[in-house]
Amino acid sequence: DGGITQSPKYLFRKEGQNVTLSCEQNLNHDAMYWYRQDPGQGLRLIYYSQIVNDFQKGDIAEGYSVSREKKESFPLTVTSAQKNPTAFYLCASSNQGGEKLFFGSGTQLSVL
Amino acid sequence: GEDVEQSLFLSVREGDSSVINCTYTDSSSTYLYWYKQEPGAGLQLLTYIFSNMDMKQDQRLTVLLNKKDKHLSLRIADTQTGDSAIYFCAPDTGRRALTFGSGTRLQVQP
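Notes on the structure follow. (Residues numbered from 1 in each chain as written. Chains lettered and ligands numbered in written order. Predicted model: local features only at pLDDT ≥ 70, side-chain atom pairs only at ≥ 80, totals over all residues. Heavy atoms only, no water.)

Thoughts on the overall build of chain A
Convention followed: The numbering of helices and of strands both runs from the N terminus, where a helix is a DSSP run of H or I of at least 4 residues and a strand a run of E of at least 2. Every radius of gyration here is taken over C-alpha atoms, with the globule rule written as 2.2 Å times N^0.38, N being the number of residues. Buried residues are those whose accessible area, probed at 1.4 Å on protein chains only, stays under 20% of the maximum for their type, while exposed residues exceed 50% and partly exposed ones sit between those limits. The contact rule is simple, with two residues in contact once any of their heavy atoms fall within 4.5 Å. Accessible areas in this description were obtained via Shrake-Rupley with a 1.4 Å probe; residue shielding takes into account the shown protein chains only. Residues counted as positive are Lys and Arg, residues counted as negative are Asp and Glu, and His and the chain ends are not counted. Where a charge lies is defined by one atom per residue type, namely NZ (Lys), CZ (Arg), CG (Asp) and CD (Glu).
From N to C terminus, chain A includes 0 helices and 11 strands. Of the regular secondary structure in chain A, the N- to C-terminal order runs β-β-β-β-β-β-β-β-β-β-β. Computed over the C-alpha atoms, the radius of gyration of chain A is 13 Å, within 12% of the 13 Å expected from 2.2 N^0.38 for a compact globule of 112 residues. For chain A, the spread of C-alpha atoms along the principal axes amounts to about 35 × 25 × 25 Å. In chain A, which comprises 112 residues, the share counted as buried stands at 49%. Pairs at least 24 residues apart make up 53% of the contacts formed inside chain A by residues separated by at least 6 positions. Total accessible area computed for chain A in this model is approximately 5,400 Å², and 46% of it derives from carbon and sulfur atoms. Here chain A contributes 11 positive and 11 negative side-chain charges, whose respective centroids are spaced 6 Å apart.

Pasting the structure below:
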């Protein structure tokens, strides 16, 4: 079945630690996105990539980093510079930038 | 940038109709999407409307678009407990990525 897989489902971060969230898609989509969702709030765009080896900052990129070495994969690293990382992280993909998105099932990140 | 507003909460009784409203600011939207999010899950595309349409019906779902007022609504007929979720509207302006509203939490009471 085609889709987007995010892992892990739950992740815990210690103070000062970097953690990486995985996102893999087999939909052959060019564009991939990372959104952050806080309770009772909408989705905020962290980073997006419209093609391999290229990515752009979204609205809240500070404290995060990404890479896009393969079309299928768009991992997100939450660095120690992100002081408030507790949130639900959603990865999505689309055929082209701005088109309807297909979402993964999300990763809940919490701070120990 | 695009600004999308939704009311935060709606409560209805099972069998009633639900109407979820959304207002947006960017009039260049081509497609306007509705997504559904169940607890602890990702978003699923529910339905969408093209900007040259006023209405689209899809089984129990009816989408109404008023381009002049930049107002979008989603009507769910015969609402069921399984419809309890958060609903997001997302206008597609053809720019870098979709902008989502804050979401409307629909609670369906038996």
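Right, picking up where we left off after that structure.
A look at the packing of aromatic side chains
In this description, an aromatic ring pair is defined by two values, namely the gap between the centres and the angle between the planes. For clarity, the threshold we go by: When two rings of Phe, Tyr or Trp (its six-membered ring) have centres within 6.5 Å they constitute a pair, described as stacked for plane angles under 30 degrees, edge-to-face for angles over 60, and tilted for the intermediate range. Definition used: whenever NZ (Lys) or CZ (Arg) falls within 6 Å of the ring centre and also within 35 degrees of the ring normal, the charge is taken to sit over that ring.
This model, assessed by the stated rule, comprises 14 aromatic pairs over all chains. Here Y31(B) and Y48(B) contribute two aromatic rings whose centre-to-centre distance is 5.7 Å and whose plane-to-plane angle is 65°, an arrangement assigned as edge-to-face. Placement of the pair is Y31(B) in strand β4 (residues 31-37) and Y48(B) in strand β5 (residues 43-50), with a sequence separation of 17 residues. Judged by relative accessible area, Y48(B) falls into the partly exposed class, the value being 26%. Here a set of aromatic residues connected by ring pairs shows up, and it is made of Y33(A), Y35(A), F103(A), Y31(B), Y33(B), Y35(B), Y48(B), F50(B), F88(B) and F100(B). Note that K56(B) overlies the ring of Y48(B), its terminal NZ or CZ placed 4.1 Å from the centroid.

Quick look at the interface of chain A and chain B
How we decide: A quick way to say it: buried area is the sum, across both parts, of accessible area lost when two parts are put together, with a 1.4 Å probe. A pairing counts as a salt bridge when a side-chain nitrogen of Lys or Arg comes within 4 Å of a carboxyl oxygen of Asp or Glu. In protein, a polar contact requires one atom able to donate a hydrogen and another able to accept it; more generally it is a pair of N or O atoms within 3.5 Å, and residues adjacent in sequence count only if both atoms are side-chain atoms.
Facing 24 residues of chain A, the contacting portion of chain B comprises 19 residues. Here chain A and chain B share an interface that buries about 1,500 Å² over both sides, 53% of which is from carbon and sulfur atoms. Counting the contacts that link chain A with chain B gives 0 salt bridges. Between the two partners, chain A and chain B, sit 5 residue pairs in polar contact (both at pLDDT 80 or more). For the side of chain A that touches chain B, the elements supplying multiple residues, two or more each, are β4 (31-37), β5 (43-51) and β9 (87-94) of chain A.

Quick notes on the pattern of salt bridges
By the definition in use, this model includes 6 salt bridges over all chains. For K71(A), the salt bridge goes to D30(A), with nearest N and O atoms at 3.4 Å. In this pair, K71(A) sits in the loop between β7 (64-66) and β8 (76-78) while D30(A) sits in the loop between β3 (19-25) and β4, placing the two residues 41 residues apart along the sequence. Residue K71(A) is classed as partly exposed on the basis of its relative accessible area of 25%. Given the relative accessible area of 36%, D30(A) is considered partly exposed. Salt-bridge contacts for D69(B) lead to K68(B); the nearest nitrogen and oxygen are separated by 3.7 Å. Residue D69(B) is classed as partly exposed on the basis of its relative accessible area of 47%. The exposure class of K68(B) is exposed, given its relative accessible area of 75%.

Observations concerning the state of the cysteines
Residues and elements named next belong to chain A. Note the cut-off: Any pair of cysteine sulfurs within 2.5 Å is marked as a disulfide.
If you walk through the whole model with that rule in mind, you get 2 disulfides over all chains. Between the sulfur atoms of C23 and its disulfide partner C91 the distance amounts to 1.9 Å. Handedness of the C23-C91 disulfide follows from its S-S torsion of about -75°: it is left-handed. With C23 in strand β3 and C91 in strand β9, this residue pair connects regions lying 68 residues apart in the sequence.

Digging into the sheet that holds strand β8 (residues 71-76) of chain B
Residue and element names in this part refer to chain B. Selection rule: In this description, strands pair whenever DSSP reports at least two bridges between them. Axis definition: a line fitted to C-alpha atoms, over the contacting stretch in the case of helices. Angles run 0 to 180 degrees between N-to-C directions.
Spatial ordering of the open sheet is given by β1-β3-β8-β7-β6, a layout of 5 strands whose pairing is antiparallel. For this open sheet the edge positions go to β1 (4-6) and β6 (55-58), each flanked by a neighbour on one side alone. Neighbour-to-neighbour, the strand axes of the sheet open up by a mean angle of 15°, direction not taken into account. With 6 bridges joining them, strand β3 (residues 18-24) and β8 adopt antiparallel strand pairing.

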